[in-house]
Amino acid sequence: MSGLGIQELPYRIATLIDLRDDRGRRLLLHRRKHPNRDLYSPVGGKLEMGIGESPAACARREVLEETGLELPMERFTLLGMISEVAFNGEAHWLMFFYRVEGAVELAETEFDEGRLEWHADEDIDALPLPESDSKVIWPMVRKHEPNGFFTVHIDCTTPEMTWAVQQSRF
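Residues numbered from 1 in each chain as written. Predicted model: local features only at pLDDT ≥ 70, side-chain atom pairs only at ≥ 80, totals over all residues. Heavy atoms only, no water.

Q: Please provide a residue-by-residue account of the pattern of salt bridges, values included.
A: Once the charged atoms of two side chains with opposite charge are near each other, the side chains can pair. Throughout the structure, instances matching the rule amount to 22 salt bridges. Here Arg61 and Glu65 are joined by a salt bridge, their closest N and O atoms 3.2 Å apart. With a gap of 4 residues between them, Arg61 and Glu65 both fall in helix H1 (residues 55–67), about one helical turn apart. Between Asp121 and Arg142 there is a salt bridge whose closest N-O contact spans 3.3 Å. Residue Asp121 is located in helix H2 (residues 121–124), and its partner Arg142 is located in helix H3 (residues 131–144); the two are separated by 21 residues in the primary sequence. Judged by relative accessible area, which is 24%, Asp121 ranks as partly exposed. Each of Asp18, Arg20, Arg26, Asp121, Asp125, Arg142 and Glu145 takes part in one network of salt bridges that share partners. (Salt bridge = Lys/Arg side-chain N within 4 Å of Asp/Glu carboxyl O. Helix = DSSP H or I, 4+ residues; strand = E, 2+ residues; numbered from the N terminus. Buried < 20%, exposed > 50% of the residue type's maximum accessible area, 1.4 Å probe, protein only.)

Dropping the structure here:
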């Protein structure tokens, strides 16, 4: 335990990426693997820390790996940062949420991580989502679009998840 009473766990750094088609639908991954198995999440993944990968480079790489789309770095805009303490009691997370500027074209497809599907924004809340996504991340994203920025800290150490907005700019 640390001096604050929070369990020492590995810290993981990842990106989440908001991709949209020309109809404004968001691309979500219906996950087949842990974490968040059987739930819907944005495209994304962990930074390759051993090589010193930047969050923006990670976002670009994850889009390429999961969708096959090779997008220029200029299309990635940082919209928010999310930190989570003790997610699933397994790790602490720091996630960078990027929005890809402009529409992308991609057919719905399956790969080893799950199925990529397009969903209208108004339908996302009815999908099975991770609790942090439904209660915190998607509301913060919607509130700060198109040009805002937010940071939020999510505490998963208690039975009832809590969070605090640390920065919010519109």
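Q: Provide a residue-level description of the sheet that holds strand S8 (residues 149–155), including the pertinent values.
A: Across the sheet, which stays open at both edges, the 9 strands sit in the order S6-S7-S2-S3-S1-S5-S4-S8-S9 with mixed pairing between neighbours. Of all strands in the sheet, those bounded by a partner on one side alone are strand S6 (109–111) and strand S9 (162–169). Going from strand to strand, the sheet's axes swing by 30° on average, the running direction of each strand aside. Sheet topology note: the S6/strand S7 (residues 114–119) ladder contains 3 bridges and is antiparallel. Bridge assignment links Thr109 to a residue of S7, and that residue is Leu116. Contacting strand S1 (11–18), strand S2 (26–31), strand S3 (40–46), strand S4 (76–87), strand S5 (91–100), S6 and S7, H1 runs over the sheet at an angle of about 120° to S3. Strands in contact with H3 are S1, S2, S3, S4, S5, S8 and S9; relative to S8, the strand with the most contacts, it is inclined by about 170°. (Pairing = 2+ DSSP bridges. Axes fitted to C-alpha atoms, helices over the stretch in contact; angles between N-to-C directions. Contact = heavy atoms within 4.5 Å.)

Q: Let's hear about the pairing of S1: which residues, and what values?
A: Relative to S5, S1 is paired through 8 bridges, and the arrangement is parallel. The residue bridging Ile13 from the neighbouring strand is Leu94, located in S5. Pairing of S1 with S3 involves 4 bridges; the strand directions are antiparallel. Among the inter-strand pairings, Leu16 is bridged to a residue of S3, identified as Gly44.

Q: I'd like a rundown of the nonpolar core, residues and numbers included.
A: Considering soluble globular proteins, one finds that nonpolar side chains tend to be buried as a cluster. Of all hydrophobic cores here, the largest spans 24 residues; its most connected members are Ile82, Phe97, Trp138, Val141 and Phe150. Of all the secondary-structure elements, those providing two or more residues to this core are S1, S4, S5, H3 and S8. Examining the composition of this core, we find that 5 residues originate from one element, H3, more than from any other. When near neighbours in sequence (up to four residues on either side) are disregarded, Trp138 contacts Arg26, Leu28, Pro42, Phe97, Ile124, Leu129 and Asp133. Residues Ile17, Phe76, Phe96 and Tyr98 belong to the second largest nonpolar core, which totals 18 residues. (Core = buried A, V, L, I, M, F, W, Y, C linked by side-chain atoms within 4.5 Å.)

Q: Talk me through unusual backbone geometry; I want residue IDs and the actual numbers.
A: Omega for the peptide link from His34 to Pro35 comes to -5°, which places this bond in the cis form. Relative to the assigned elements, Pro35 resides in the loop between S2 and S3. Here Glu145 and Pro146 are connected by a cis peptide whose omega angle stands at 0°. Residue Ala86 is not a glycine yet carries a positive backbone phi of 60°. Examined against the element boundaries, Ala86 turns out to sit in strand S4. Positioned with a positive phi, Asn88 is a non-glycine residue whose angle comes to about 55°. Tracing the backbone through its elements, the reader meets Asn88 in the loop between S4 and S5. Given a relative accessible area of 45%, Asn88 falls into the partly exposed group.

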